[in-house]
Amino acid sequence: MANVTKGAQLYEGKAKKVFATSDPELVIVDYKDDATAFNGEKKGTIVGKGVINNKMTNFMFSMLEKEGVPTHLVEELSDRETLVKKVSIVPLEVIIRNVAAGSFSKRMGVEEGKALLCPILEYSYKNDDLGDPFINDYYALALGLCTKEELDTIAKYAFKVNEFMVKFFKGIGVDLIDFKIEFGKTSDGTIILADEISPDTCRFWDSKTHEKLDKDRFRRDMGGVEEAYQEMMKRIGLNK
Ligand code: ADP
Ligand code: UDP
């Protein structure tokens, strides 16, 4: 392990814990098997999810770094723990959609699975008490959630992440329907990709059968949740 020691728990979220380290610029994220949906109303466990999400996130983040998207990744410490750069999270859920699904389909009355003519970038205000309301650029700027320059950087990186991931997943027989990412600011003000990229935060459909290989199986009580997460690991080539 890098030359740091694990300190006190700073935060426990729905899917991860965050710990301080002896380096004030670094924290350790610890991925849990806990699963929630509908803003915490539905709770459960997806056995092995923490390990899968940790490893998949780190794999995606190291590839994205090579594509020119800076990330918080420093070093994977164990199956569930990763050392990352400490950031102050920009309170935006940054969502990209390639195919209609989920809340977009409901809101717009567009059938799930309909391909969009171009990718959509949308924002939600990251605030559990308000249920992460849908907002636009003007809300983000008017509420001071970030600056115009930061929002431009976030949008540029988000599309880059999408472009890379669509191609990558296509290559392993998976359609990337939509996903959510988060960005943070380091102590010197640099915007970097933070949090995670996993079946919890992306919709993955098998390209041929359209079988769901993501958290929708948990949200919608479809069964085969663990198997779907494992299948994604297998396709990526990450299963032991
Ligand atoms: P939630 O807070 O929505 O329940 P998690 O259980 O995933 O989500 O908790 C992890 C928390 O850590 C999230 O709030 C996320 O924004 C935050 N986080 C992710 N990466 C970093 C980082 N590099 N530095 C500080 N906080 C981070
Ligand atoms: N998403 C997420 N966390 C959230 C909300 C959404 O990771 O709090 C992801 C979700 O997995 C999907 C994409 O963002 O890949 C778009 O989700 P949508 O807005 O359709 O919401 P949902 O149907 O999940 O409520």
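Higher on the page you've got the structure.
Notes on the structure follow. Not measured: the values here are computed from a predicted model.

Parameters at a glance
- Residue numbers run consecutively from 1 along every chain, following the written order of its sequence.
- Just so you know, chain letters begin at A and ligand numbers begin at 1, following the order they were written in.
- Whole-chain, interface and lining totals are the exception, using all residues; otherwise, since this is a predicted model, local features are given only for residues with pLDDT of at least 70 and side-chain atom pairs are given and counted only at 80 or more.
- Excluding hydrogens and water, the side-chain values take into account all heavy atoms of the structure.
- What counts as a helix is a DSSP run of H or I of at least four residues, what counts as a strand is a run of E of at least two, and both are numbered from the N terminus.
- All radius of gyration figures rest on C-alpha atoms, and the globule criterion is 2.2 Å times the number of residues raised to 0.38.
- Each residue is assigned to one of three classes by its accessible area relative to the maximum for its type, calculated with a 1.4 Å probe on protein chains only: buried under 20%, partly exposed between the two thresholds, exposed over 50%.
- Should any heavy atoms of two residues lie within 4.5 Å, those residues are considered in contact.
- Residue proximity to a molecule or strand is established when one non-hydrogen atom of the residue lies within 4 Å of it.
- Here a polar contact is taken to be a pair of N or O atoms separated by no more than 3.5 Å, where protein atoms must pair a possible hydrogen donor with a possible acceptor and residues adjacent in sequence count only if both atoms sit in side chains.
- Areas reported as accessible are Shrake-Rupley estimates using a 1.4 Å probe. Residue values count occlusion only from the protein chains shown.
- Side-chain classes are defined by residue name, with Ala, Val, Leu, Ile, Met, Phe, Trp, Tyr, Cys and Pro counting as nonpolar, Asp, Glu, Lys and Arg as charged, and the others, Gly among them, as polar.
- Stacked, tilted and edge-to-face are the three classes applied to pairs of Phe, Tyr and Trp rings, where Trp contributes its six-membered ring and a pair requires centres within 6.5 Å; stacked means planes under 30 degrees apart, edge-to-face means over 60, and tilted covers the rest.
- Definition used: whenever NZ (Lys) or CZ (Arg) falls within 6 Å of the ring centre and also within 35 degrees of the ring normal, the charge is taken to sit over that ring.
- Think of a salt bridge as a Lys or Arg side-chain nitrogen and an Asp or Glu carboxyl oxygen that are within 4 Å of each other.

1. Describing the overall build of the chain
Moving on, step 1. Per the secondary structure count, the chain includes six helices and 14 strands.
Moving on, step 2. Radius of gyration (C-alpha) of the chain: 17 Å, near the 18 Å computed for a compact globule of 240 residues.
Moving on, step 3. Projected onto its principal axes, the C-alpha coordinates of the chain cover approximately 50 × 45 × 35 Å.
Moving on, step 4. The proportion of buried residues among the 240 residues of the chain is 50%.
Moving on, step 5. Put simply, of all contacts in the chain between residues at least 6 apart along the chain, 57% involve residues at least 24 apart.

2. Quick word on the site of ligand 2
Moving on, step 1. Around ligand 2 sit 15 residues in total, of which R97, S103, D178, R203 and R219 are the nearest.
Moving on, step 2. For ligand 2, an oxygen atom lies 3.0 Å from a polar atom in the side chain of E93.
Moving on, step 3. Here an oxygen atom of ligand 2 sits 2.7 Å away from a polar atom, N or O, in the side chain of R97.
Moving on, step 4. Considering ligand 2 on its own, with 500 Å² of exposed area, one finds that the protein chains cover 77% of that surface.
Moving on, step 5. Going through the elements one at a time, β9 (92-99), α2 (102-108), β12 (174-185) and β14 (202-206) are the ones with two or more residues in the shell around ligand 2.
Moving on, step 6. Here the residues of the shell around ligand 2 are counted per class, giving four nonpolar, three polar and eight charged.

3. Examining the site of ligand 1
Moving on, step 1. Taken together, 16 residues surround ligand 1, and among them Y11, K14, A15, K16 and E182 come closest.
Moving on, step 2. Between ligand 1 and the protein, one listed contact pairs an oxygen atom with a backbone N or O atom of A15 at 2.6 Å.
Moving on, step 3. The contact in question runs from a nitrogen atom of ligand 1 to an N or O atom on the backbone of V87, over 3.1 Å.
Moving on, step 4. Alone, ligand 1 offers 550 Å² of accessible surface; in the complex the protein occludes 88% of this.
Moving on, step 5. Sorting the residues of the shell around ligand 1 by element identifies β2 (16-21) and β7 (81-85) as the ones contributing at least two each.
Moving on, step 6. Considered class by class, the residues forming the shell around ligand 1 number seven nonpolar, two polar and seven charged.

4. Focus on unusual backbone geometry
Moving on, step 1. Although it is not a glycine, F38 adopts a positive phi angle of roughly 55°.
Moving on, step 2. By the element assignment, F38 lies in the loop between β4 (34-37) and β5 (42-45).
Moving on, step 3. The phi dihedral of D132 is positive, around 50°, even though this residue is not glycine.
Moving on, step 4. Note that D132 resides in the loop between β10 (115-125) and β11 (134-135).

5. Some details on the packing of aromatic side chains
Moving on, step 1. In total, this model carries five aromatic pairs according to the counting rule given.
Moving on, step 2. Between the aromatic rings of F169 and F204, the centroid separation amounts to 4.6 Å while the plane-to-plane angle is 45°, which identifies the pairing as tilted. Taken together, the residues span a long stretch of sequence, with F169 in helix α4 (residues 148-170) and F204 in strand β14 at a distance of 35 residues. One exposure class covers both F169 and F204, and it is buried.
Moving on, step 3. Over the ring of F19 we find K6; its NZ or CZ atom is 4.1 Å from the centre of that ring.
Moving on, step 4. Taking the ring centre of F218 as reference, the NZ or CZ of K42 above it sits at 5.1 Å.

6. Here we look at the environment of L193
Moving on, step 1. For L193, the location among the structural elements is in strand β13 (residues 191-194).
Moving on, step 2. Considering only alpha carbons, one finds L193 and V69, 124 residues apart in sequence, at a separation of 7.2 Å.
Moving on, step 3. With residues up to four places along the chain from it excluded, the contact list for L193 reads F61, L64, V69, P70, T71, H72, V161, I181, E182 and F183.

7. Digging into the side chain of T57
Moving on, step 1. When you line up the elements, T57 lands in helix α1 (residues 49-66).
Moving on, step 2. For T57, a relative accessible area of 0% gives the class buried.
Moving on, step 3. Here I197 takes part through its backbone oxygen, which lies 3.2 Å from a polar atom of the side chain of T57.
Moving on, step 4. With near-sequence residues (within four places) excluded, T57 lies in contact with Y31, D195, E196, I197 and S198.

8. Examining the pattern of salt bridges
Moving on, step 1. If you walk through the whole model with that rule in mind, you get 31 salt bridges.
Moving on, step 2. A salt bridge links K42 to D221, with the nearest nitrogen and oxygen atoms 2.5 Å apart. Of this pair, K42 sits in strand β5 while D221 sits in the loop between α5 (216-219) and α6 (225-236), and the two are 179 residues apart along the sequence.
Moving on, step 3. For D221, a relative accessible area of 61% translates into the label exposed.
Moving on, step 4. Linking D178 and R97 is a salt bridge whose minimum nitrogen-to-oxygen distance equals 3.5 Å. With a gap of 81 residues between them, D178 in strand β12 and R97 in strand β9 connect regions that are remote in the sequence. For the residue pair D178 and R97, the accessibility class agrees, reading buried in each case.
Moving on, step 5. One continuous salt-bridge network, built from bridges that share partners, spans R97, R107, E112, E122, D178, R203, K212, D216, R219 and R220.

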